[in-house]
Amino acid sequence: MRSLVTGGAGFIGSHLCEELLSRGEEVIVLDNLSTGSIANVGHLKDKKGFTLVVDSVLNKPVLEELVQKADRIFHLAAAVGVKLIMERPVDTIETNVLGTEHVLSLANKYHKKVLVASTSEVYGKHRDHTLSEMNNMVLGPTKKRRWAYACTKALDEFLSFAYHEEKRLPVVVVRFFNTIGPRQTGQYGMVVPKFIKSALLNNPITVFGNGTQSRSFTYVKDAVRAVLMLMEKPEAEGDVFNIGDGREITILELAKRIKKMTNSTSEIVFVPYDDAYGKGFEDMERRAPDISKIRKFIGYEPSLNLDQVLEIITQHMKNG
Ligand SMILES: NC(=O)c1ccc[n+]([C@@H]2O[C@H](COP(=O)([O-])OP(=O)(O)OC[C@H]3O[C@@H](n4cnc5c(N)ncnc54)[C@H](O)[C@@H]3O)[C@@H](O)[C@H]2O)c1
């Protein structure tokens, strides 16, 4: 089996490649290294069956050649993270919309199964309950740039389902909820690597708002396991699945826990959202998945608790 992994030099993609290669499968990565890096796949590059192509999913002739070579496609390439979206909205929208359109149309042309990575961001501003796949999207106005990421991914989902229904393309959509693990960088605003890095350097840990907003975190190896199980289950085609962990923690509690775990002398400082992202920035107070669907479908359960995952990331950062 040969898989094309777009965005395979990124955080989740590199773990997916690692797992595929460990199963004796072949992997072709297509990545433009915008937020990913050669270092993420450095330990894989000499493995049998691994190929890295540094180019963009927006380069359709290159993508077409790779789609033809592959048996199936994991489409993870995207402009990711709120910070990036706030800073480079045109790139974000074009990459996420046009990139996915190219992948789906070529997968359809050559009859290849695809898994499309979406995000919990598509749910938008719910706060009173955990999020299940058929919940409404509650998004802010189009003048608020932050919602562009959610809209691009929602459009990717619509297009995936349209290809499935109209053209019978086998496609599975997954919505990742804050996924964490080794190799994730804090450079683009991801909270866990940012906090751990600050704590290890005894620099201030910066909490946006008052820190009462809560999140749940998924261990990347669990996310990869779920992706592969869903890809291998024909009944998952044409459907969408949350991949997450139902256990929640506030961002302030997360900062305190990381500070304690690393024996850090860091001060925890609060920065208003407006200062971090500009005036009128909206964030979700709460975002936690209902994972009953994926549990029922593939028997998915998170393998580790948050402290265990934080420990793994800390050790990795210390060694790196
Ligand atoms: N990490 C999370 O918590 C999370 C949450 C929700 C959704 N997701 C989704 O999962 C996928 C992987 O995210 P990640 O966390 O690994 O982020 P990442 O930034 O590490 O990975 C994205 C990869 O795509 C590559 N890329 C970007 N534009 C490209 C282009 N035009 N052509 C080719 N490659 C391109 C980047 O260089 C990077 O390697 C994304 O689709 C993202 O939207 C991630």
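Residues numbered from 1 in each chain as written. Predicted model: local features only at pLDDT ≥ 70, side-chain atom pairs only at ≥ 80, totals over all residues.

**Let's talk about the sheet that holds strand S14 (residues 286-287)**
Read from one edge of the open sheet, three strands run S12-S9-S14, paired in mixed fashion. In this open sheet, the two edge strands, each paired with only one partner strand, are strand S12 (248-250) and S14. By the bridge criterion, two bridges tie strand S9 (residues 214-216) to S14 in an arrangement that is parallel. Considered in S14, the bridge of Arg215 is made with Arg287. (Pairing = 2+ DSSP bridges. Helix = DSSP H or I, 4+ residues; strand = E, 2+ residues; numbered from the N terminus.)

**Side note on the site of the ligand**
By nearness alone, 29 residues border the ligand, and Gly7, Gly10, Thr35, Gly36 and Ala78 come closest of all. The set of elements that each furnish at least two residues to the shell around the ligand consists of helix H1 (11-22), strand S2 (26-31), helix H4 (89-110) and strand S5 (113-119). Broken down by element, the residue count for the shell around the ligand peaks at three residues, all from H1. (Near = placed C-beta within 6 Å.)

**Structural notes on the sheet that holds strand S11 (residues 240-243)**
Judged by pairing direction, the sheet is parallel, and its seven strands sit side by side in the order S3-S2-S1-S4-S5-S6-S11 without closing on themselves. For this open sheet the edge positions go to strand S3 (50-54) and S11, each flanked by a neighbour on one side alone. Each adjacent strand pair in this sheet contributes to an overall mean axis angle of 20°, direction not counted. As judged from the five bridges shared by strand S1 (residues 2-6) and S2, these two strands associate in the parallel manner. Across the sheet, the residue bridging to Thr6 is Leu30, located in S2. Packing of helix H2 (residues 60-69) onto the sheet brings it into contact with S1, S2, S3 and strand S4 (72-75), and relative to S2 it is tilted by some 165°. (Axes fitted to C-alpha atoms, helices over the stretch in contact; angles between N-to-C directions. Contact = placed C-beta atoms within 7 Å.)

**Overview of the environment of Arg215**
Relative to the assigned elements, Arg215 resides in strand S9. Through-space distance from the C-alpha of Arg215 to that of Thr250 is 6.2 Å; in sequence the pair is 35 residues apart. Leaving out residues up to four positions away in the same chain, Arg215 has contacts with Asn178, Glu248, Ile249, Ile251 and Arg287.

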